Amino acid sequence: MDLLYFAPGSASLCVHWMLLDIGRPPELRRVDLAAGEQRGAEYLKLNPAGVVPTLVLDGAAYNESGALLLMLADRYPDAGLMPPPGTAARNAAYQWLLLMANGLQPPFRTWFYPHEPAGEAASDAAKAAAGQRIGAFFDRVEAHLAANGPYLLGDRVSAPDFFLAMLCRWSRNMPKPATEWPALRGFIDRMRARPSFKLLCEREALTEWLA
């Protein structure tokens, strides 16, 4: 059984969710972020960055949500969550995962912790700039889904969709959450309708963003 170090609703969510969707519920070990367990010596041996998730596969620890989704798609190919290697669809999947990891996840970090990159004095400006970047990215995804959806790669769910849905969930308390974009809202509703999402919420005791 795969072992996932997680924190409810955090960047581990998409990995946990995809494993459930595949039908491979992982063994879970919760990391108490508020208590600083991610900075403990034992956890840092697994994840030197001191963040979640960490996924242990065959005794080896791996990090980075986007990378973990790709590993799992390769590990469980029968789930069909990545197109065949060398295809245009596979190339698009790589592109979307890296675009989100580099262009959408970082401004969310700034939105939630604006003092980190800018200091307390400039935190308001940093948060405002992050919100603009998030909105601009959602504009891009909205246009893509409207023209090419209903999922990022077209008609079938793939690994990048779990990453996108997780990031959309993070926007739920923003002034303009992802659900305010029509095509994105349709995408979100389809992802939330998956039985694996209900199971995810039960296992992580999540009560927000259920509908």
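Each chain has its residues counted from 1, following the order in which its sequence is written. Given that the model is predicted, a residue must reach a pLDDT of at least 70 before its local features are reported, and side-chain atom pairs must reach 80 or more before they are shown or counted; all residues, however, enter totals for whole chains, interfaces and linings. In computing side-chain properties, one takes all heavy atoms of the structure into account and sets aside hydrogens as well as water.

**Student:** Please provide a residue-by-residue account of the packing of aromatic side chains, values included.
**Tutor:** Classification of ring pairs rests on two measures: the distance between centres of Phe, Tyr or Trp rings, Trp counted by its six-membered ring, which must be within 6.5 Å, and the angle between planes, read as stacked under 30 degrees, edge-to-face over 60 and tilted in between. Taken as a whole, this structure holds nine aromatic pairs when the rule is applied. Judged by centre distance (5.8 Å) and plane angle (85°), the ring pair of phenylalanine 108 and tryptophan 170 falls under edge-to-face. Of this pair, phenylalanine 108 sits in helix α5 (residues 105-112) while tryptophan 170 sits in helix α8 (residues 159-170), and the two are 62 residues apart along the sequence. Under the scheme applied here, a residue whose accessible area is under 20% of the maximum for its type counts as buried, over 50% as exposed, and between as partly exposed, the area being computed with a 1.4 Å probe on protein chains only. Given a relative accessible area of 0%, phenylalanine 108 falls into the buried group. Tryptophan 170 sits in the buried class, given a relative accessible area of 14%. Considering the side-chain rings of tyrosine 151 and phenylalanine 187, the 6.2 Å spacing of their centres and the 75° angle between planes classify their relative orientation as edge-to-face. Separated by 36 residues along the polypeptide, tyrosine 151 in the loop between α7 (123-148) and α8 and phenylalanine 187 in helix α9 (residues 182-192) bring together distant segments of the chain. Working definition: helices are DSSP H or I runs of at least four residues, strands are E runs of at least two. Numbering for both runs from the N terminus.

**Student:** Can you tell me about the sheet that holds strand β1 (residues 3-6), naming the residues and giving the values?
**Tutor:** Two strands make a pair as long as DSSP finds a minimum of two bridges between them. Spatially, four strands are ordered β2-β1-β3-β4 in an open sheet, and the strand pairing comes out mixed. Since the sheet does not close on itself, it has two edges, and those belong to β2 (27-30) and β4 (60-63), each with one partner. This sheet shows a mean twist of 25° between the axes of neighbouring strands, independent of strand direction. Across the sheet, helix α3 (residues 65-75) touches β3 (54-57) and β4, and the angle it forms with β4 is around 125°. For helices, the fitted line uses only the C-alpha atoms of the stretch in contact; every axis is such a line through C-alpha atoms, and the angle between N-to-C directions lies from 0 to 180 degrees. By the convention used here, residues are in contact when the closest approach between their heavy atoms is within 4.5 Å.

**Student:** Kindly report on the pattern of salt bridges, identifying the contributing residues and their values.
**Tutor:** Throughout this description, the term salt bridge denotes a Lys or Arg side-chain nitrogen within 4 Å of a carboxyl oxygen of Asp or Glu. Per the stated rule, a full pass over the model turns up 10 salt bridges. The partner of glutamate 27 in a salt bridge is arginine 29, and the shortest N-O contact between them spans 3.6 Å. Judged by its relative accessible area of 37%, arginine 29 falls in the partly exposed class. Glutamate 42 is the salt-bridge partner of lysine 45, the closest N and O atoms lying 3.2 Å from each other. Here lysine 45 pairs with glutamate 42, and both are found in helix α2 (residues 41-46), just three residues apart, close to one helical turn. As far as burial versus exposure is concerned, lysine 45 and glutamate 42 are alike and both exposed. Among the ionic contacts, a cluster of salt bridges with common partners joins Asp2, Asp58 and Arg75.

**Student:** Run through unusual backbone geometry, naming residues and quoting values.
**Tutor:** A cis amide bond links valine 52 with the next residue in sequence, proline 53, at an omega value of 10°. Mapped onto the elements of the fold, proline 53 is located in the loop between α2 and β3. A cis geometry characterises the amide bond from glycine 149 onward to proline 150, with omega recorded as 20°. Position of proline 150 among the secondary structure elements: in the loop between α7 and α8. The phi dihedral of glutamate 64 falls on the positive side, at around 75°, and the residue is not glycine.

**Student:** Go over α3, please, and point to the residues and values.
**Tutor:** Three or more residues of α3 are buried, namely Ser65, Gly66, Leu68, Leu69, Leu72 and Ala73. Across the axial projection of α3, the buried residues extend over an arc of 160°, all falling on one side. Packing partners of the buried residues in α3 comprise α1 (13-22), β3, β4, α4 (88-103) and α8. Throughout, the arc means the angular range of directions from the helix axis out to the C-beta atoms.

Remember that the coordinates give geometry; whether it matters functionally is a separate question.
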